[in-house]
Amino acid sequence: MAVSRWDPFRDLMSIQSELNRLFGRTYGGEGGETVRGATWTPPLDVYETGDRFVINVELPGVSADQVDISVEDSTLQITGERRFYEGVGEDDFHRVERRFGTFGRTLSLPSNANLERIEASFDAGVLVIEVPKVEEAKPKKVQIKARG
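So, a few notes on the structure that sits alongside this text. Bear in mind the structure is a predicted one, so any value in this text is a computation, not a measurement. (Residues numbered from 1 in each chain as written. Predicted model: local features only at pLDDT ≥ 70, side-chain atom pairs only at ≥ 80, totals over all residues. Heavy atoms only, no water.)

### Examining the pairing of strand E6 (residues 119–123)
Then, in step 1: Across 5 bridges, the pairing between E6 and strand E7 (residues 126–132) is antiparallel. Along E7, the bridge assignment pairs Phe122 with Leu127.
Then, in step 2: Connecting E6 to the next strand, E7, in antiparallel fashion are 2 residues, including Ala124 with a positive phi near 55°. (Pairing = 2+ DSSP bridges. Helix = DSSP H or I, 4+ residues; strand = E, 2+ residues; numbered from the N terminus.)

### Some thoughts on a nonpolar patch on the surface
Then, in step 1: Taken together, the side chains of Leu12, Ile15, Leu19 and Leu22 present a nonpolar region at the surface, about 360 Å² in accessible area.
Then, in step 2: Inspection of the secondary structure puts Leu19 in helix H1 (residues 8–27).
Then, in step 3: Taking relative accessible area as the criterion, Leu19 reaches 37% and is therefore assigned partly exposed. (Patch = residues over 30% accessible without salt bridge, like charges linked within 9 Å, V, L, I, M, F, W, Y side chains within 5 Å. Areas by Shrake-Rupley, 256 points an atom, 1.4 Å probe, with all protein chains shown as cover. Salt bridge = Lys/Arg side-chain N within 4 Å of Asp/Glu carboxyl O. Buried < 20%, exposed > 50% of the residue type's maximum accessible area, 1.4 Å probe, protein only.)

### Thoughts on the packing of aromatic side chains
Then, in step 1: Inspection of the entire model under this criterion finds 6 aromatic pairs.
Then, in step 2: Both rings, one in Tyr85 and one in Phe93, keep their centres 5.2 Å apart while their planes meet at 35°; by these two values the pair is tilted.
Then, in step 3: Accessibility expressed as a relative area gives 39% for Tyr85, which makes it partly exposed.
Then, in step 4: Phe93 gets classed as partly exposed once you look at its relative accessible area, which sits at 24%.
Then, in step 5: Cation over ring: Arg82 sits above Phe100, and NZ or CZ is 5.6 Å from the ring centre.
Then, in step 6: Positioned above the aromatic ring of Phe53, the side-chain terminus of Lys133 is 5.2 Å from the ring centre. (Phe/Tyr/Trp six-rings, centres within 6.5 Å; stacked < 30°, edge-to-face > 60°. Lys NZ or Arg CZ within 6 Å of the ring centre and 35° of its normal.)

### Considerations on the sheet that holds strand E2 (residues 52–58)
Then, in step 1: Overall, antiparallel pairing links the 4 strands, which are arranged E1-E2-E7-E6 in an open sheet. The open sheet is flanked by strand E1 (44–48) and E6, the only strands paired with a single partner. Put simply, the sheet's adjacent strands are angled 15° from each other on average, direction ignored. (Axes fitted to C-alpha atoms, helices over the stretch in contact; angles between N-to-C directions.)

### Details of the pattern of salt bridges
Then, in step 1: As enumerated under the stated definition, the model contains 4 salt bridges in all.
Then, in step 2: Between Arg52 and Asp51 there is a salt bridge, with its nearest N and O atoms 3.6 Å apart.
Then, in step 3: Among the residues examined, Arg52 registers a relative accessible area of 21% and is labelled partly exposed.
Then, in step 4: Salt-bridge contacts for Glu97 lead to Arg95; the nearest nitrogen and oxygen are separated by 2.8 Å. Arg95 shares its class with Glu97; the two are exposed.
Then, in step 5: Via salt bridges that share partners, Asp51, Arg52 and Glu130 belong to a single interconnected network.

The following block contains the structure:
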């Protein structure tokens, strides 16, 4: 029989892991910042190109009129709702794995984001938000004039 040393933190970590798993399953998963009151959090990807930031948000089953995008103080907020199936009773389902109800995400935008020129489009269940970068201030050459 092997003797192992008791580690009290191992037990605490396993309890924490189980609680995270329980609350993640109950309240819509882990990760990302959520908007207060949101019942699920859609996954998103953010990447940067030379002239813009691009945010792709997975929203299958959601139409463009069910999503709101707002920007305030360099914070981008995406909120909306995925409605449950109309005309189908809950007792008729054998399995429901997708999340329904309100959702939300907030993202802090960097200081070089041009908040006035943000564009959004919807394609195949993916919301694409493009945030252009402001043109960087270029150094200006100052001409020196010689006197006399």
